Amino acid sequence: MDEWSTSLTSEKHLAPSTIRSYQGDVRLFTEFLIDARYGWGPACEEAFGTHPVAIAHEWNTLPHLQDYEGDPEARPFTREEMQRFLDYADDQVERAVKSKRKGALAAYRDATLFKVIYGWGLRRTETSKLDVVDFGRNPEARQFGRYGTLNVRYRKAKKGQPPRRRNVLSVMDWAVEAVADYVENVRPRFGFADHPALWITERGGRLQRGSINDRFEAHRDALKLPKGLVPHSIRHSYVTRLTEDGVGRRFIQQQVGHECDSSTAIYTHVSDDFMNTSLHKALAPAFAGV
């Protein structure tokens, strides 16, 4: 148990939360084996001449000491960084078109993909598995047409359960315009009209999450942005921007598919200006007339 736990840390470099989850599985399994109600002890004595014992204890497993155990380097994009990133993605389309080289369609697809991640606060897997038919109308936002809602069919699953679904309402008009233009004017040029995927490759396949990583890192490094920014940082940015724009926490929680408000709070990294303004508004009544 000790050697295995050490290898998870020093060799595989897994996150503490992942290691604790693995250790928890071992603990639950051994507790099942030694529970007298199931009769495994006598069965093992008869078959192997020995009996199972618990091997996962407080002194050789990781304790859960804090709510957030993520990488401290992880953070959302600032508004300026996000704008630079999206502008750079658009620039790649213009460069490909002007040079008349292959890749213009792929560059346009990638630029739109990052806008969709930001515009609907998605994860990589959720994004890669989107189909064209996943967009739908919202009667309360008719201005968005057929792009008023997004049905995310591969939301992050709970352990041991299949992927869950959630509906995300469209809130950023510029993102709706971008995906509508891509679907109606650019995607058909790939030549695979019968393919259901929203993001298709030039060979007619579905763009995978690994390819999203590669394109993200290429853009990030070209702009010399911090290595701590990862595709998931865009999702964090979505939560932060909505919070700074005054959107209610409960609505944001439903949009990103968090069951607990504490998870949404971890995603929120509001600016100093926002904190100062909010603090001033909160304290103003107390100091009225002072």
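Residues numbered from 1 in each chain as written. Predicted model: local features only at pLDDT ≥ 70, side-chain atom pairs only at ≥ 80, totals over all residues. Heavy atoms only, no water.

Focus: the overall build of the protein
Tallying secondary structure elements over the protein gives twelve helices and three strands in all. Scored against the burial criterion, the 290 residues of the protein give a buried share of 39%. Here the contacts in the protein between residues at least 6 apart in sequence split such that 59% fall between residues at least 24 apart. Element-wise, carbon and sulfur atoms account for 53% of the exposed surface of the protein, whose accessible area totals about 17,300 Å². (Helix = DSSP H or I, 4+ residues; strand = E, 2+ residues; numbered from the N terminus. Buried < 20%, exposed > 50% of the residue type's maximum accessible area, 1.4 Å probe, protein only. Contact = heavy atoms within 4.5 Å. Areas by Shrake-Rupley, 256 points an atom, 1.4 Å probe, with all protein chains shown as cover.)

Re the packing of helix H4 (residues 79-99) against helix H5 (residues 104-120)
Contact geometry of H4 with H5 gives a least axis separation of 8 Å together with a crossing angle of 165°. Considering their axes alone, H4 and H5 lie roughly antiparallel with respect to each other. For the crossing formed where H4 meets H5, the hand is left-handed. Facing Met82, Phe85, Leu86, Ala89, Asp90, Gln92, Val93, Ala96 and Val97 of H4, the residues of H5 in contact are Ala104, Ala107, Tyr108, Ala111, Phe114, Lys115 and Tyr118. Here the residues of the contact of H4 with H5 are counted per class, giving 13 nonpolar, one polar and two charged. (Axes fitted to C-alpha atoms, helices over the stretch in contact; angles between N-to-C directions. Parallel < 35°, antiparallel > 145°, perpendicular 65-115°, else oblique. Left-handed = near helix turned anticlockwise from the far one by under 90°. Nonpolar A, V, L, I, M, F, W, Y, C, P; charged D, E, K, R; others polar.)

Some thoughts on the packing of aromatic side chains
Applying the stated criterion across every chain, the model contains twelve aromatic pairs. When the centroid spacing of 5.2 Å and the interplanar angle of 35° are considered together, the rings of Phe85 and Phe216 count as tilted. Linking Phe85 in helix H4 with Phe216 in helix H8 (residues 209-222), this pair joins segments that are 131 residues apart in sequence. Here Phe85 matches Phe216 in class, with each residue buried. Each residue in the set Phe29, Phe32, Tyr38 and Trp40 is aromatic and connected to the rest through ring pairs, giving one cluster. (Phe/Tyr/Trp six-rings, centres within 6.5 Å; stacked < 30°, edge-to-face > 60°.)

Focus: H4
Under the 1.5 Å per step criterion, the end-to-end length of H4 is 30 Å for 21 residues, consistent within 8% with the ideal 30 Å. Listed as buried for H4 are Glu81, Met82, Phe85, Leu86, Tyr88, Ala89, Gln92, Val93 and Ala96. The arc that holds the buried residues of H4, viewed along the axis, is 145°, so those residues lie on one side. Among the exposed residues of H4, those pointing more than 90 degrees away from its buried face are Glu80, Val97 and Lys98. As for H4, its buried residues are in contact with H5, helix H7 (173-186), H8 and helix H9 (231-244). Of the residues trailing H4, Lys100 is marked for its positive phi of about 55°. (Expected span 1.5 Å × (residues − 1). Arc of directions from axis to C-beta.)

So, a nonpolar patch on the surface
Together, Phe29, Phe32, Tyr38 and Trp40 make up an exposed nonpolar region whose accessible area comes to about 430 Å². One can find Trp40 in helix H3 (residues 40-48). (Patch = residues over 30% accessible without salt bridge, like charges linked within 9 Å, V, L, I, M, F, W, Y side chains within 5 Å. Salt bridge = Lys/Arg side-chain N within 4 Å of Asp/Glu carboxyl O.)

Let's talk about the nonpolar core
Residues Phe85, Phe114 and Trp120 are the most contacted members of the largest nonpolar core, which totals 46 residues. In terms of residues, this core owes the most to one element, H7, which gives seven residues. Discounting residues that sit within four places of it in the chain, Phe114 has contacts with Phe85, Leu86, Ile212, Arg215, Phe216, His219 and Ile234. (Core = buried A, V, L, I, M, F, W, Y, C linked by side-chain atoms within 4.5 Å.)

Remarks on the packing of H9 against helix H10 (residues 249-256)
Across the interface, H9 lies against H10 with an axial gap of 10 Å and an inter-helix angle of 160°. With respect to H10, the axis of H9 lies roughly antiparallel. Between H9 and H10 lies a crossing whose hand is right-handed. Where H9 abuts H10, its residues Arg235, Tyr238, Val239, Leu242 and Thr243 lie against Ile252, Gln255 and Val256.

Description of the pattern of salt bridges
One pass over the structure, following the stated rule, counts 15 salt bridges. As a salt-bridge pair, Arg123 and Glu126 come within 2.6 Å of each other at their nearest N and O atoms. As far as the burial class goes, Arg123 and Glu126 line up, both buried. Here Glu126 makes a salt bridge to Arg166, at a shortest N to O gap of 2.7 Å.

Some thoughts on the side chain of Arg109
With respect to the element layout, Arg109 can be found in helix H5. Filtering out sequence-adjacent residues up to four positions away, Arg109 remains in contact with Tyr182, Phe190, Trp199, Ile200, Thr201, Leu207 and Arg215.

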